[in-house]
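Chain by chain, the residues run as shown.
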Amino acid sequence: MNSELFHVVVLQSNGVTLNRVTVDAPEDSPNTDGIHIHMSSHVSVYDANIRTGDDCVSVGPGNSNLWIERVACGPGHGISIGSLGHQQGLDMEDVQNVTVKTTWFTGTSNGLRIKTWGSSKQGFVRGVTFEDATMTGVHNPIIIDQNYCPQKVGCSDRSSSIKISEVKYVDIRGWSTTPVAVTFNCSRSHPCSGISMQDVKLMYDRRVAKSSCRNVQGRSVGLVLPPSCL
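Residues numbered from 1 in each chain as written. Predicted model: local features only at pLDDT ≥ 70, side-chain atom pairs only at ≥ 80, totals over all residues. Heavy atoms only, no water.

Novice: What is the right way to read the pairing of strand S12 (residues 140-145) from this model?
Specialist: Note on strand geometry: in a regular strand, side chains alternate between the two faces of the sheet. Of all the six residues making up S12, six are buried; the element is thus mostly covered by neighbouring parts of the structure. The pairing of S12 with strand S14 (residues 180-185) spans four bridges and is parallel. By the bridge assignment for S14, isoleucine 143 is matched with threonine 183. (Buried < 20%, exposed > 50% of the residue type's maximum accessible area, 1.4 Å probe, protein only. Helix = DSSP H or I, 4+ residues; strand = E, 2+ residues; numbered from the N terminus. Pairing = 2+ DSSP bridges.)

Novice: Just checking my understanding: could you explain the side chain of threonine 99 for this structure?
Specialist: Here threonine 99 is to be found in strand S9 (residues 92-106). For threonine 99, a relative accessible area of 15% puts it in the buried group. In contact with threonine 99, not counting residues within four places along its chain, are Leu66, Trp67, Ile68 and Thr129. (Contact = heavy atoms within 4.5 Å.)

Novice: Could you clarify how one ought to interpret the sheet that holds S14 in this entry?
Specialist: Taken in spatial order, the eight strands of this open sheet run S1-S4-S6-S8-S10-S12-S14-S17, and their pairing is parallel. Because the sheet does not close on itself, it has two edges, and the strands there are strand S1 (8-11) and strand S17 (210-214). Between one strand axis and the next, the sheet turns by 15 degrees as a mean value, whatever way the strands run. (Axes fitted to C-alpha atoms, helices over the stretch in contact; angles between N-to-C directions.)

Novice: Would you explain the state of the cysteines in this entry?
Specialist: Each disulfide consists of one covalent bond between the sulfur atoms belonging to two cysteines. By the definition in use, this model includes three disulfides. The residue that forms a disulfide with cysteine 56 is cysteine 73, at a sulfur-sulfur distance of 2.1 Å. Its torsion about the S-S bond being 80 degrees, the disulfide of cysteine 56 and cysteine 73 is classed as right-handed. Here cysteine 56 is found in the loop between strand S5 (41-51) and strand S6 (57-59), whereas its partner cysteine 73 is found in strand S7 (residues 63-73), with 17 residues between them in sequence. (Disulfide = S-S within 2.5 Å.)

Written out as structure tokens, the structure reads:
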């Protein structure tokens, strides 16, 4: 409860399992991520209930083979990969082989998010699956933001050098508090590729929401609402 910074951190570790973690912090508390995973592999998170002022689960650079399942998030900033491209002391920032399955988001600013800074820092995100997510009153249910700059101060107009590829969104449902429920804002120099959406239904104010795409290539399968811009 009420940590001054991250509540639970898994750092430079291998073979860690977190079961039934509960985090409770005020909605307006900054940098109070529920669970942060950093430079680790083969980490599993099950049955977490997280209410906080930042990311419910955040995946930093240097992570591989993560399994996150049955997480309830809200309030908070959602489940995020990143931010990447801003870490000091790392030549390469990479995340690969991540599964996020059976999640519930209630009143969060984001749902399923990948975020990178506009910088020359090299890296990649690949092999990510987001499956079986329910959104209730979420501001950005699905978002890739490669121009991340939260304070809007000192932001770079440089294109992100983090390459995002092979990301799947499967069975995502619920409603957005904004008209644009799906945002793929990818890098000019390293466009997103291999993005796929299958069986997605996101509404806004009892209407079908909208989607927005920049510098992204992919495909949609089955019923996809809002209509895919891939």
